[in-house]
Every structure is written in C-alpha cells, then in structure tokens.
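Chain and residue survey
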Amino acid sequence: DKELGKPSARPNAAELKASGASASDLKAKGYTAADLKAAGFTADQLRAAGYTAAELKAAGFSDDDLRKAGFTDQEIGAVANVAPTPGSEEAVAAM
C-alpha cells in the first residue's frame with residue numbers, strides 16, 4: 001500500500017537510459033545533471049539537453065569536460081568556483 005501524500009519511488013536515470021530515454025527526456029522529468037552523469041550520460045549529451053555549465057560543474061564534470069562539450073572559456077570561467085554536489089565523483093576525489 002502507498003501512503004497518502006508519499007511520492008512513489010521514481011526509476012533511476014540509469015534504468016530509464018537503458019530503456020531508451022534521452023538526456024532531454026530525463027531533464028523534462030526533473031532529473032538533475034548529477035543524476036544523468038551517474039547514469040553514464042556525457043557532458044556533451046547534457047549540454048545538448050539544455051543543462052548549463054553551472055549544472056554540469058556542480059554534477060562533477062571537469063573544466064576539460066565542459067570545454068569538450070562546447071562551452072566557451074568564458075562560460076567555464078564563470079562557473080570556476082562552483083563546488084561539486086556532495087557525493088559526486090569530483091567531490092569524493094577532493095576528500
């Protein structure tokens with residue numbers, strides 16, 4: 001039984017990716033850049049889906065990843081001090 005008012009568990013992004021969902025599909029459903037990075041999407045795919053440089057940086061993508069995805073040095077410089085989201089690969093590596 002579902003409790004009233006309790007949201008049902010949503011499938012993780014990796015499961016949806018495996019079933020053919022695109023980064024754009026998942027963004028529209030409210031998944032974060034960090035969710036999609038964990039599911040194996042690339043910075044290029046996330047940029048194409050409409051995520052910003054700040055969102056990708058917070059998800060743990062490196063400046064080099066952002067550059068390869070087509071962000072400009074100006075866009076990357078503007079988010080240079082964005083800290084990775086706790087639990088992202090980059091945040092764990094910094095510990």
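Our subject is the structure that appears above.
Now for a quick tour of the structure. Just so it is clear, the model here is predicted, and its values are computed rather than measured. (Residues numbered from 1 in each chain as written. Predicted model: local features only at pLDDT ≥ 70, side-chain atom pairs only at ≥ 80, totals over all residues. Heavy atoms only, no water.)

1. Focus on the packing of aromatic side chains
This is how the line gets drawn: Ring geometry is summarised as follows: Phe, Tyr and Trp rings, the Trp one being its six-membered ring, pair when their centres sit within 6.5 Å, and such pairs are stacked at plane angles under 30 degrees, edge-to-face over 60 and tilted between the two. Note on criteria: charge over ring means Lys NZ or Arg CZ within 6 Å of the ring centre, with the direction from the centre no more than 35 degrees off the ring normal.
Applying the stated criterion across every chain, the model contains zero aromatic pairs. Here K17 stacks its cationic end above the ring of F41, 5.0 Å away from the centre of that ring. Just above the ring of Y51 sits the side chain of K27; from NZ or CZ to the centre is 5.1 Å.

2. A closer look at the environment of I76
Here is the rule we go by: Put simply, DSSP H or I for four residues or longer makes a helix, DSSP E for two residues or longer makes a strand, and each gets a number counted from the N terminus. Note on classification: 1.4 Å probe, protein chains only; a residue is buried when its accessible area is under 20% of the maximum for its type, exposed when over 50%, partly exposed between these limits. Working rule for contacts: check all heavy atoms of both residues, and any pair within 4.5 Å makes them a contact.
Within the fold, I76 resides in helix α7 (residues 73-78). A relative accessible area of 3% means that I76 is categorised as buried. Between the alpha carbons of I76 and D63 there is a distance of 6.5 Å; along the sequence they are 13 residues apart. Leaving out residues up to four positions away in the same chain, I76 has contacts with D63, L66, R67 and F71.

3. Observations regarding the nonpolar core
Inclusion rule: The set of buried Ala, Val, Leu, Ile, Met, Phe, Trp, Tyr and Cys residues whose side-chain atoms join them within 4.5 Å is what this entry labels a nonpolar core.
Grouped together as the largest cluster of nonpolar side chains are 23 residues, with contacts concentrated most on L26, L36, L46 and L56. The set of elements that each furnish at least two residues to this core consists of α1 (13-18), α2 (23-28), α3 (33-38), α4 (43-49) and α5 (53-58). A total of three residues in this core trace back to one element, the largest contributor, which is α4. L36 has contacts with A13, A23, L26, Y31, F41, L46 and Y51, leaving out every residue within four places of it along the chain.

4. Observations concerning the environment of A69
Within the element layout of this structure, A69 appears in the loop between α6 (63-68) and α7. For the pair formed by A69 and Q45, sequence separation is 24 residues and the distance between their alpha carbons is 8.0 Å. Sequence-distant contacts of A69, that is, excluding residues within four places in its chain, are made with A43, D44 and R47.

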